[in-house]
Amino acid sequence: MFFFNKKKNDKISVFSPCNGEFIKQESINDSVFSSGMVGIGFAIKPSENTIYAPMDGEIAMVFPTKHALGFKCKDNVECIVHIGVDTVKLNGEGFSVLVNEGDVVKAGQPLVKVDFDKVRSSGYHDDVIVVLQNTKSFDLNSTFKTVKANELIATCE
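Residues numbered from 1 in each chain as written. Predicted model: local features only at pLDDT ≥ 70, side-chain atom pairs only at ≥ 80, totals over all residues. Heavy atoms only, no water.

A. Examining the overall build of the chain more closely. A count of helical and extended segments in the chain gives 2 helices and 14 strands. In terms of overall size, the chain behaves like a compact globule, its C-alpha atoms giving a radius of gyration of 16 Å where 157 residues would be expected to give roughly 15 Å. Principal-axis analysis of the C-alpha atoms places the extent of the chain at approximately 70 × 35 × 25 Å. Burial status across the chain gives 44% buried among its 157 residues. In the chain, 70% of the contacts between residues at least 6 apart in sequence involve partners at least 24 apart. Within the structure as shown, the chain displays about 8400 Å² of accessible surface, and the carbon and sulfur contribution to it stands at 49%. Within the chain, the 20 negative side-chain charges are centred at a point lying 5 Å from the centre of the 17 positive side-chain charges. (Helix = DSSP H or I, 4+ residues; strand = E, 2+ residues; numbered from the N terminus. Rg over C-alpha atoms; globule rule 2.2 N^0.38 Å. Buried < 20%, exposed > 50% of the residue type's maximum accessible area, 1.4 Å probe, protein only. Contact = heavy atoms within 4.5 Å. Areas by Shrake-Rupley, 256 points an atom, 1.4 Å probe, with all protein chains shown as cover. Lys, Arg positive; Asp, Glu negative; His and termini not counted. Charge placed at Lys NZ, Arg CZ, Asp CG, Glu CD.)

As C-alpha cells, this is what we get:
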C-alpha cells in the first residue's frame, strides 16, 4: 500500500501596517487601487506615524520618493505598501525609510516613519494601502472598523 503525502501550501498571513481605521479595497480613494487594477488588498487610515511590514518578505523596491515599498514573499506573492494618495508629489518630504532594498523583514518590523501632518497639510489623503499580486486566494479575516498595527487582516496563497 502506498501513501501519498500531498504537500500543503502554507497560507501567507497579512497584517495591518499601522493602527487606524480599516478601509475596504473598493472604498480606497484612488481608482487604480480601488478597482483592483494593481492587485487585491485594503487600506488603513492611520492614527500613528510608523508603518510596519504587513508580512514576511524581502524588500524588492523602495520607491525613490519613499512613499511606496515593494515586497517579494514566498510562493511568488508580491506586496506593495503605498503610503498616501498622490504622495509621490511630496518627493520624499515627510518620509523616513528605515529599510533598504534587499533587506529581509519580518511582519511587524518598522519600515517607514511618516509625518502624516505634513501629508495632510499638503492636501493628500493619508491612506496606507496594501495590495497583493500573484495570489491564488485572498481571504479577509473578518470585517473590521478599527485595527491595531500587526493585527491579522487576511491570508493568501
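B. Examining the confidence of the model for the chain more closely. Per-residue pLDDT for the chain averages 91, and the proportion of residues at 70 or more is 94%. Note on residues 1–8: pLDDT is under 50 here. Beyond four places in sequence and across chains, it has 0 contacts. (pLDDT = per-residue confidence, 0-100.)

C. Seen up close, the sheet that holds strand β7 (residues 78–85). One open sheet accounts for 8 strands, arranged β9-β5-β6-β7-β11-β3-β2-β13; its pairing is antiparallel. Either end of the sheet is taken by a strand with one partner, and the two such strands are β9 (104–105) and β13 (146–147). In this structure, strand β2 (residues 20–24) lies alongside β13, joined through 2 bridges in antiparallel fashion. Following the sheet pairing, glycine 20 is matched in β13 by valine 147. (Pairing = 2+ DSSP bridges.)

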